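Survey of secondary and tertiary structure
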Amino acid sequence: MKLKKKILSVIPAVSLLTLAGCGVSNDTSTSALKSQESASTSHVVTLRYMLWDPNEEIGYKKSIAVFEKLHPNIKVQIEQYPWSQYWQKLQTEMAAGTAPDLFWDHVTYFPTFVTNGQLLNLTPYIKQSHVNLKQYYPNLVKQYEYQGNIYGLPKDWDTIAIFYNKDLFAKDHVAPPTNLTWNPSTGGTLVKTAEQMTVDKNGKHPGQPGFNPNQIVQYGFMSYNSNQSFYYNFLAENGVQVLNKQFGTQVLMDTPQGVQTMQSLMNLIYKYHVSPPGSEGTLANGGANAQRLFEQGKLAMYTDGDWDLTPVVSSCKFHVGIALLPVGPKGRVSVMNGLSDAIYAKTKFPKQAWELEEWLASPQSEKILASGGYVWPGIPSEAPLFAKAWAKKGVDVTPFLTESKGKTISFPITQNWGQAENAIDKEFDLMWLNKVSPQQALQQAVQQADGALAGGQ
Amino acid sequence: MGGVSSHAHVDLKYGDGGMSTTISTRTVHSDKSLMREKMARSLAPYLLVFPSFVGVMAFMLIPALAVIVISFFKWNMLSPPNYVGLHNYVDILHDPIALHSIVTTAYYVLLNIPLQTVVAIMLALLLNRRLPGMGIFRALFVLPWLAAPVAISVVWQWVFDPTSGVFDALLSSIGLPRLQWLASPTEALPAVALVNIWQWTGYNMLFFLAGLQGIPKYLYEASELDGSGKVRQFFSITLPLLRPTLLFVLVTSVIGSFQVFDTVYVMTQGGPGTSTNVYNFYIFQQGFQFFHMGYAAALSVILFVVILLVTLFQMRFVGKRTTYDLG
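Fair warning: this is a prediction, and the values are worked out from it, not measured in the lab. (Residues numbered from 1 in each chain as written. Chains lettered and ligands numbered in written order. Predicted model: local features only at pLDDT ≥ 70, side-chain atom pairs only at ≥ 80, totals over all residues. Heavy atoms only, no water.)

A few words now on the overall build of chain A. Counting its regular elements, chain A contains 18 helices and 16 strands. Among the 457 residues that make up chain A, the fraction classed as buried is 56%. Within chain A, contacts between residues separated by at least 24 positions form 73% of all contacts whose residues are at least 6 apart in sequence. Summed over all atoms, the accessible surface of chain A reaches about 17900 Å², with 54% contributed by carbon and sulfur. (Helix = DSSP H or I, 4+ residues; strand = E, 2+ residues; numbered from the N terminus. Buried < 20%, exposed > 50% of the residue type's maximum accessible area, 1.4 Å probe, protein only. Contact = heavy atoms within 4.5 Å. Areas by Shrake-Rupley, 256 points an atom, 1.4 Å probe, with all protein chains shown as cover.)

Residue and element names in this part refer to chain B. Following the sequence through the fold, threonine 276 ends up in the loop between helix H13 (262-267) and helix H14 (279-289). Here threonine 276 falls in the buried class, since its relative accessible area comes to 0%. Of note is the side chain of threonine 276, whose polar atom sits 2.7 Å from the side chain of threonine 268. Engagement of the side chain of threonine 276 in a polar contact is seen with the backbone oxygen of glycine 271, the distance being 2.7 Å. The contacts of threonine 276, once residues within four sequence positions are left out, are Thr104, Ala188, Leu189, Val192, Val264, Thr268, Gly270 and Gly271. (Polar contact = N/O pair within 3.5 Å; in protein donor to acceptor, adjacent residues only side chain to side chain.)

Moving on to the environment of A:Ser404. All names here are of chain A. Within the fold, serine 404 resides in helix H16 (residues 398-405). Note on serine 404: relative accessible area 6%, which makes it buried. Between the alpha carbons of serine 404 and methionine 336 there is a distance of 6.7 Å; along the sequence they are 68 residues apart. Every residue in contact with serine 404, bar those within four places of it in the chain, is listed here: Tyr137, Trp157, Thr159 and Met336. In terms of polar contacts, serine 404 uses its side chain to reach the backbone carbonyl oxygen of leucine 401, at 2.7 Å.

Taken residue by residue, chain B gives an average pLDDT of 85. The fraction at 70 or more is 88%. Below pLDDT 50 for its whole length, residues 1-27 of chain B participates in 22 contacts with residues either more than four positions away or in separate chains. (pLDDT = per-residue confidence, 0-100.)

Contact residues are listed per partner, giving 43 residues for chain A and 60 residues for chain B. When the two sides are added together, the surface that chain A and chain B hide from each other amounts to roughly 4100 Å², 60% of it contributed by carbon and sulfur. Counting every contact that joins chain A to chain B gives 1 salt bridge. Among the ionic pairs, B:Asp161 bridges to A:Arg292, the shortest N-O distance being 3.4 Å. The interface formed by chain A and chain B includes 7 residue pairs in polar contact (both at pLDDT 80 or more). Broken down by secondary-structure element, the contributors of at least two residues to the side of chain A that touches chain B are helix H1 (2-39), helix H3 (83-96), helix H4 (110-115), helix H11 (286-295) and helix H17 (417-432) of chain A. With 10 residues, H1(A) is the largest single contributor of residues to the side of chain A that touches chain B. (Buried area = accessible area lost by both parts, 1.4 Å probe. Salt bridge = Lys/Arg side-chain N within 4 Å of Asp/Glu carboxyl O.)

Below is the structure:
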């Protein structure tokens, strides 16, 4: 234990100090650069651009190479940090006044940044440059709107669909899950198909005599504690709203329909035995376990977002199929989320940062990213390029697109959602482990989440 | 911490070489040069301490003071801090998660310390022999402490996996029921403690080994002549004379246990539910995930006070009647 104390107490201080040090040196170097520039005629400016996805980074490098050719006076330096560190890094740099000029923004953190004046209002720039906002999905434009102003142009989006193991379905002679139904009382054809695809050591399926739920070797579907990739979609399909409104402070999941939905998702584990145990689906590892079991061929289908296409397809030794979410009582509903680039309010180069923002949300740049298969473009007319790129790799990704055109819901957007979500996640873990009932879990979760949204700590 | 230990080297002696040069100048302006030499002599220690003083100030004292100041503010790092007086402290008293995390941490310390200390003493006794290859064994037991905690945690996560982990394969192969380990609210904290014990026992063993080797052999010889057995020797000679080591190991390992973070961060993220939500992890969440810096600072101050009290208590009761000089 010894050194731990020292390490833990010293490291944050050291890193804070070095951070501060970096900030200072950056400052002086950029200002030195600036004075140099104003002396020379070329005026070359270096912008820092921060993002978190290493797969998409490759595509963005290609787009930025073109941008730099078109804007010889701007250089762009990409900084990639994984999601788990990204927000700490960004917020600490904001505190030091040295955040990157441009950075990927997410709806979970956007409200905190915008209400604390960290983001540049883009509305005047949009007007000045005559950007056609109608070219984007309207719901994506609205996500980064605050008090009538826009703080980020949509550059991409994602929806949720079923990933399934084509080879396994063919081997077991089960029809591909391309048009499933789901309802909270019987589970619909989702449960039927999942039962057919669940096999125990002796080759028996759930519901057959002699089936042993403790010796399952292949699971049909996965129920796991992930909101966007899993249960938000089912809640929406049963008419349950998560948050009362954008920038709202009331969580509405604890309705009878909410309880019924979560009960049905728990039934997948504890009643129908078509899902890996709840202990595999808890928050800390649920997403990673779903992906791993699927890649190992032990899981026939699960729900996931299109951002996982690249890592999943590249590690599967079988053919991956993508299917629409099952149709629920209120139809088929997917969470649809989009990222935008935000410009740091204190950037020294707002004009150049805007030029980069405009480029990254332009049809030209989105074309580069879509046709490389990196991400769905925020401009609907270019979506076929992304589908074409994946068709070449043998994966039909159009279900994601179909869902984006159907009924969608947004991720909850409000201040301090991070803490509210954390409270819900923890309570739901206990529900997944069958330690508390859905009724209790929802009640507790909503109470704590409301407390967090009301400004508690 | 390097800064603190270097204080020990401040006590330098001035060589004769320096003296002889000053003597030769003294014949010319004896008074002035004497003054100058005195000045230099009294200044030198400060100059030598200065680098580590700066280090201690910059990396320890100033941040620690800053934490105390910040704890009276509401601050999300993005907007200017807001003075709220004792509000954060009052909030903590009404925060069920904070109170629960204190209980969790205390439980964790209790799981860790007794087992870790007893095993470390036993290992030290085993390894305190002159046998061929003993050096290899000693090194092996210290190895876990040398490995990076994050890497260790990732590997143990695989070991603990409830469907494909090594531990469950072992348990079921000898007919024992499977455990859920990190996935169970009751088993997760003991599992985390197990990893920490595995990691730190070898390191603590080193101190006990050094302590054992400092006990004079003649004490054992004398007691043997008096007819005392091994058990009697252990309780009447070894253990009492290991007291200074024991005090040191207990104080430092209790502090370390109260501040457990990295294994929890990697293996459980405080879950399932709040079962491994130890205090330091909660401070991290409040500060760097929810960006309630003032609140996180207030939590840290409370932890500091708790650790201070526990350490004083240990000094009082374990430190009492401790002999440091075995000469």
